[in-house]
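# A structural walkthrough
Here are the chains, one letter per residue:
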Amino acid sequence: MLRAIFTALLFLATTLAATAQDRPSAILVLDASWSMWGQIEGVNKIVIAREVVGDLLGTLPEDQALGLVAYGHRTKGDCGDIELLYEPGTDRQAIADAVSGLNPKGKTPLSAAVLQAAETLKYTEEAATVILVSDGIETCDFDPCALGRQLEETGVGFTAHVIGFDVTEPEAQAQLQCLAEETGGMYRAASNASELSGALEEVAIAEPEPEPEPVIHTITFRATDGENGPIIPEGLVWTIEGGEQVYANKVEDDSLSYGMAAGTAGTAEVLRLSDEATGTASFTTGGGDMVITIALPAYVEPLPDATVEAPASAPAGSLVPVSFTGPDAEGDYVASATADKDDGYYDAYDYTRNAEDGVVMVRMPPVAGPAEIRYILGRGGDVLARTAIEVMPLDIQITAPDEAAVGMRPEIEWVGPDYRGDYLTVAALDQGDGYYETYAYTRDGNPLAVPMPTEPGTYELRYVLSASRHVAGRSEPFEVSETMVTLDGPDEAVAGADVEIAWTGPDAKNDYIGIGRVGRDERPYLTYTYTNAGNPLVVKAPIEPGDYEIRYFLGQDQSVLHSEPITLTAVGASITAPPSALGGSEVSVEWTGPDYKSDYLAVAKVGADGGDYVTYTYTNEGSPLDILMPTDAGDYEIRYIASQGSKILGSTPISVEAATATLSAAASAPAGSDISVTWEGPATKGDYLTVAETGSDAGDYITYTYAQEGSPLDIQLPSVAGTYELQYVQAGRPAKVLTRTPITVSEVTATLGGALVGDKIEVTWDGPGHRRDYVAIATPESNLSTYEDYAYTSNGNPAVLDVPEASGTYELRYILDGTTDRILATTPFTVP
């Protein structure tokens, strides 16, 4: 194959050499679409193309300008993926490197690529040649034939030579050949060495035909694949006789042209080698050139071999193992079908790619009788193999209920295959097999609880095979009667209160009793309770007063089986609290109200929605109760909020005054030390003093101490020197900094000395000596928290440490233990 492609490109090299003295520029357009990963004789087509182009470049004249365009090499599914990789020039290595870097990915926009190359060559201004190498059909919205005509009509000496690289599809061959012919270029198919060598010998080596005599006309003979089909490019044997001369006699070739005198009568016969199809035509030449076209029967690829083996019989709808042999091409599948169905029909199938050890599981048709297992070719749908199988009837029995009422779930006894997903349905007698009112899966048991329809009438039970939706069996018809439903509740209740309701009804799965507003276009219930909660049961009344209904809902479709009226009266609440309070403080509030579950008192901005609040306390804390005030000053309301719908039942205004605080401490102190701070402030629950970066928000701190520790209190400073601030933070909602005062944290240092005493080392130290500072022995490369031995400086000076047992290089460290642990000093030593 490599030799064949090289020979084809050598033709183009010869063409370029022949015209090198005129030096028309040329561009090689190379197909780098996804299909170029296909293989020929075990080698990827893109690999072959890289090698062939590399060899071609060495054969070109040194002064021949050649460029490179590629397509389909960068993105998938992109018809604009075309790139000029090298402007026409003489740097052969640049072209070779560019070709070597191509990795096929995308589509085949060959026409747009040729047009881009022609425009690069300024084909409308000067002679230009484009060499297209493609392995397939145009896959974007462009007609190669039309492009060829356009380039021929608008160009100045433009020529497109086309190489069909492993192109087998007649349509693709016709496209590529048409593009070349429309521009006066050559089309060559590169599929094997022998065919290509013969064609190239005729074109590259043979002497050019002499100018025809004035009375001689060119008669071209060609064959097409089917009537009006594409021209057959190769694999033909012609016999042509004109007058007394034999022009071709059993010569394998594609289209042929001969010079014949006007008035010559003759016959042409063509044989296609692939299927031995033949065609003939009689002709008489006229006063000009002629094209004699013989239409051969459309070529049909021979089908590959396949086999299928299956049991002689199997139950309807069951899965059976089918072993097979065959091409296992993309999309191939094994199908079941009743024997009287056409080959394009199937009841069920499985792809051959899903096979395990050459076996696929195929479901049988749902109806008993003769059937077939078929191997289907995914491309084209041809049946490659088939075998007969008898589908055996199923034993289906369904016992209709003696009594059934709307919404009830009687226990139904059944017999059936219980295939995965099978189900029983309840359907009216006039409903088609694909319709039903209710259903239940057979996997849920036997007997099986099946919900009855919501309307009384005559029905039947049906057994449905899930895989095919086929009704495999039916029960005797039975009657579904009305269901007696009663509701016994109060005529009037307070809005939001618990309403006790006694009831009778089907109590089917997910049935519920709800309360909905009368005459409102909204959902049919606002509150509800499932009937499985008991009898009587309690339903929470909606919080808005007005006219409502108590309704019994059938769970399976939410239909209302019965309703009774109920009137809800308004509910209110009152609140007693001081007119003002300090921000962040707790205020004692007395209240009256319904105290429904999850009701609460809230502090909210004046005008805020019911669910929008700053702080809250549940009413189940009792009356009076304490509620926390916001820390931001302003006008607020204390509200009684019903949890249902966040409805405000009562409120009273309250003015919140901002709290203040003061701090007093040293202006500076050493890093990591504790500093005493005297403070005044509201001391509300959770308040704290912090050390923080200057200007930081409340809650963004380095160290802190709660104000409940008293005044003065100690707070640890950061272990890194710098400018910080002390803050008094009120911990309410929102947390806020009441006051700030700056403080400077000064740097600290330390020194170390050591003396070996037996298997101990006495370490003398000079440093800050904070409470958790320590002296340690560690290897020089270890991190701060890894050490051999340590001792707290608070245990005295010198500190006594164990000498490491392993010999090596170590160091003594003084560790400042604070907000950020730091090594203040090191001293190296060696253990021999």
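That block above? That's the structure.
Summary of the structure given here. All values reported here derive from a predicted model rather than from experimental measurement.

## Some points on the pairing of strand E47 (residues 634-642)
Burial analysis of E47 places 7 of its 9 residues in the buried class, the great majority of the element. Here strand E44 (residues 600-605) pairs with E47 via 6 bridges, running antiparallel. Counterpart to Tyr-600 in the pairing with E47 is Ile-641. Alignment of E47 against strand E48 (residues 647-657), held across 9 bridges, turns out to be antiparallel. Directly across from Ile-638, in E48, lies its bridge partner Thr-652. Joining the antiparallel neighbours E47 and E48 is a turn of 4 residues, in which Gly-645 adopts a positive phi near 80 degrees.

## A word on the nonpolar core
Note that soluble globular proteins tend to have their nonpolar side chains buried in a common cluster. Membership of the largest hydrophobic core comes to 40 residues, with the highest contact counts inside it found for Ile-501, Ile-513, Ile-566, Leu-601 and Met-629. A per-element tally of this core places E47 first, with 4 residues. Residues within four places of Ile-513 in sequence aside, it is in contact with Leu-487, Ile-501, Trp-503, Thr-527, Tyr-528, Thr-529, Thr-531, Leu-537, Val-539, Ile-550, Arg-551 and Tyr-552. Ala-659, Val-763, Ala-825 and Phe-829 belong to the second-largest nonpolar core, a separate cluster that totals 39 residues.

## Considering unusual backbone geometry
A cis amide bond links Asn-446 to the next residue, Pro-447, at an omega of 5 degrees. Of note, Pro-447 is situated in the loop between strand E28 (438-441) and strand E29 (448-449). Here Arg-733 and Pro-734 are connected by a cis peptide whose omega angle stands at -5 degrees. Relative to the assigned elements, Pro-734 resides in the loop between strand E55 (722-730) and strand E56 (736-746). In the Ramachandran plot, Gln-558 falls in the positive-phi region, its phi being about 60 degrees despite a non-glycine side chain. Here Gln-558 shows up in the loop between strand E39 (546-553) and strand E40 (560-569). Among the residues examined, Gln-558 registers a relative accessible area of 42% and is labelled partly exposed. Positioned with a positive phi, Asp-595 is a non-glycine residue whose angle comes to about 55 degrees.

## Regarding the state of the cysteines
For the structure on display, the rule yields 2 disulfides. Here Cys-79 pairs with Cys-140 through a disulfide, and the sulfurs are 2.1 Å apart. In this structure the cystine formed by Cys-79 and Cys-140 twists about its S-S bond by roughly -95 degrees; its chirality is therefore left-handed. Of this pair, Cys-79 sits in the loop between strand E4 (66-71) and strand E5 (82-89) while Cys-140 sits in the loop between strand E6 (128-134) and helix H5 (144-154), and the two are 61 residues apart along the sequence. Since its relative accessible area comes to 35%, Cys-79 is described here as partly exposed.

## Points about the environment of Asp-347
Relative to the helices and strands, Asp-347 resides in the loop between strand E19 (333-338) and strand E20 (348-351). Residue Asp-347 is classed as partly exposed on the basis of its relative accessible area, which comes to 27%. Taking the C-alpha atoms as reference points, Asp-347 and Ala-467, 120 residues apart in sequence, are found 9.6 Å from one another. With near-sequence residues (within four places) excluded, Asp-347 lies in contact with Ser-336, Ala-337, Thr-338, Pro-365 and Pro-366.

## Side note on the sheet that holds E48
Reading across from one edge, E42-E48-E47-E44-E45 is the order of the 5 strands in this open sheet, with mixed pairing throughout. This sheet does not close on itself; its edge strands, each paired only once, are strand E42 (580-582) and strand E45 (615-618). Averaged over all pairs of adjacent strands, the angle between their axes in this sheet comes to 30 degrees, without regard to strand direction.

## Side note on the packing of helix H4 (residues 110-120) against H5
The geometry of H4 relative to H5 is characterised by a closest axis approach of 9 Å and an angle of 15 degrees between their N-to-C directions. Classed by the angle they form, the pair H4 and H5 counts as roughly parallel. With respect to the hand of their crossing, H4 and H5 are arranged in right-handed fashion. Taking contact as the criterion, the partners of Leu-110, Ser-111, Val-114, Leu-115 and Ala-118 in H4 are, on H5, Pro-144, Leu-147, Gln-150 and Leu-151. Across the contact of H4 with H5, the residue classes break down as 7 nonpolar, 2 polar and no charged.

## A word on the packing of aromatic side chains
Per the counting criterion, the structure on display carries 43 aromatic pairs. Each ring, one from Tyr-512 and one from Tyr-528, has its centre 5.5 Å from the other, and the planes form 65 degrees; the classification is edge-to-face. Placement of the pair is Tyr-512 in strand E36 (residues 512-517) and Tyr-528 in strand E37 (residues 527-530), with a sequence separation of 16 residues. The exposure class of Tyr-512 is buried, given its relative accessible area of 5%. Put simply, the rings of Tyr-512, Tyr-525, Tyr-528, Tyr-530 and Phe-553 pair up and form one aromatic cluster. It is Lys-76 that lies over the ring of Trp-34; its NZ or CZ is 5.9 Å from the centre. Sitting over the ring of Tyr-419, Arg-363 keeps its end group 5.8 Å from the ring centre.

Rules behind the numbers
- Residues numbered from 1 in each chain as written.
- Predicted model: local features only at pLDDT ≥ 70, side-chain atom pairs only at ≥ 80, totals over all residues.
- Heavy atoms only, no water.
- Buried < 20%, exposed > 50% of the residue type's maximum accessible area, 1.4 Å probe, protein only.
- Helix = DSSP H or I, 4+ residues; strand = E, 2+ residues; numbered from the N terminus.
- Pairing = 2+ DSSP bridges.
- Core = buried A, V, L, I, M, F, W, Y, C linked by side-chain atoms within 4.5 Å.
- Contact = heavy atoms within 4.5 Å.
- Disulfide = S-S within 2.5 Å.
- Axes fitted to C-alpha atoms, helices over the stretch in contact; angles between N-to-C directions.
- Parallel < 35°, antiparallel > 145°, perpendicular 65-115°, else oblique.
- Left-handed = near helix turned anticlockwise from the far one by under 90°.
- Nonpolar A, V, L, I, M, F, W, Y, C, P; charged D, E, K, R; others polar.
- Phe/Tyr/Trp six-rings, centres within 6.5 Å; stacked < 30°, edge-to-face > 60°.
- Lys NZ or Arg CZ within 6 Å of the ring centre and 35° of its normal.

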